[in-house]
Amino acid sequence: MTETHATVPSAAPVFPPGRYGRRREPERRRPLLRWVLAAVLIAGLVLASTQLYQRYGDPEYKPEVITYTDVDDTGVRVAFRVTVPAGGAAVCLVRARSHAGAEVGHEEVTVTAAPGQRHVTTRHRVTTTERPFIGEVVRCRPAG
């Protein structure tokens, strides 16, 4: 007697015996393992981002140009103030630009705060290749 569609449940396919090999059992799901791996990955990313921020993203080094004076054909004197950690030091890039906006000179200046102080005010003369129009502090970073 042959099977008909009326005798076979519709959800289960019918395969001839021995023709397609043995059927695999459905895989056991391991949701706990996935959650643990996700937590380890997130913890590693947080650790890496924290270390990178501490090394390269310190927002405490903030330069502020007070004035630029003594503009002549060979340079400009820039007076600026830098906020650093208490008693810390910074290396600042000071540059001069021409009226057209081209950089005509730049120098790195190291400034050190007195113990317990967070602000350093200094003046520095930037030597230029032609007459500058403006003197500015581009950025400051931790010294060392």
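Read on for an overview of the structure. (Residues numbered from 1 in each chain as written. Predicted model: local features only at pLDDT ≥ 70, side-chain atom pairs only at ≥ 80, totals over all residues. Heavy atoms only, no water.)

Notes on the state of the cysteines
Thinking step 1. Counted according to the given criterion, the structure contains one disulfide.
Thinking step 2. Covalently, Cys92 is tied to Cys140 through a disulfide, its sulfur atoms 2.0 Å apart. Measuring the twist about the S-S bond at about 110°, one finds the Cys92-Cys140 disulfide to be right-handed. Of this pair, Cys92 sits in strand β3 (residues 89–97) while Cys140 is found in strand β6 (residues 134–142), placing the two residues 48 residues apart along the sequence. In this structure, Cys92 and Cys140 share a single accessibility class: buried. (Disulfide = S-S within 2.5 Å. Helix = DSSP H or I, 4+ residues; strand = E, 2+ residues; numbered from the N terminus. Buried < 20%, exposed > 50% of the residue type's maximum accessible area, 1.4 Å probe, protein only.)

What about the sheet that holds strand β1 (residues 62–72)?
Thinking step 1. If you trace the three strands from one edge of the open sheet to the other, you get β1-β2-β5, paired in antiparallel fashion. Of all the strands in the sheet, just β1 and β5 (119–127) have a single pairing partner and so form its edges. Within the sheet, the average angular offset between the axes of one strand and its neighbour, ignoring direction, is 20°.
Thinking step 2. Where strand β2 (residues 75–83) meets β5, nine bridges bridge the pair, whose relative direction is antiparallel. Looking across to β5, one finds that Thr83 is bridged to His119. (Pairing = 2+ DSSP bridges. Axes fitted to C-alpha atoms, helices over the stretch in contact; angles between N-to-C directions.)

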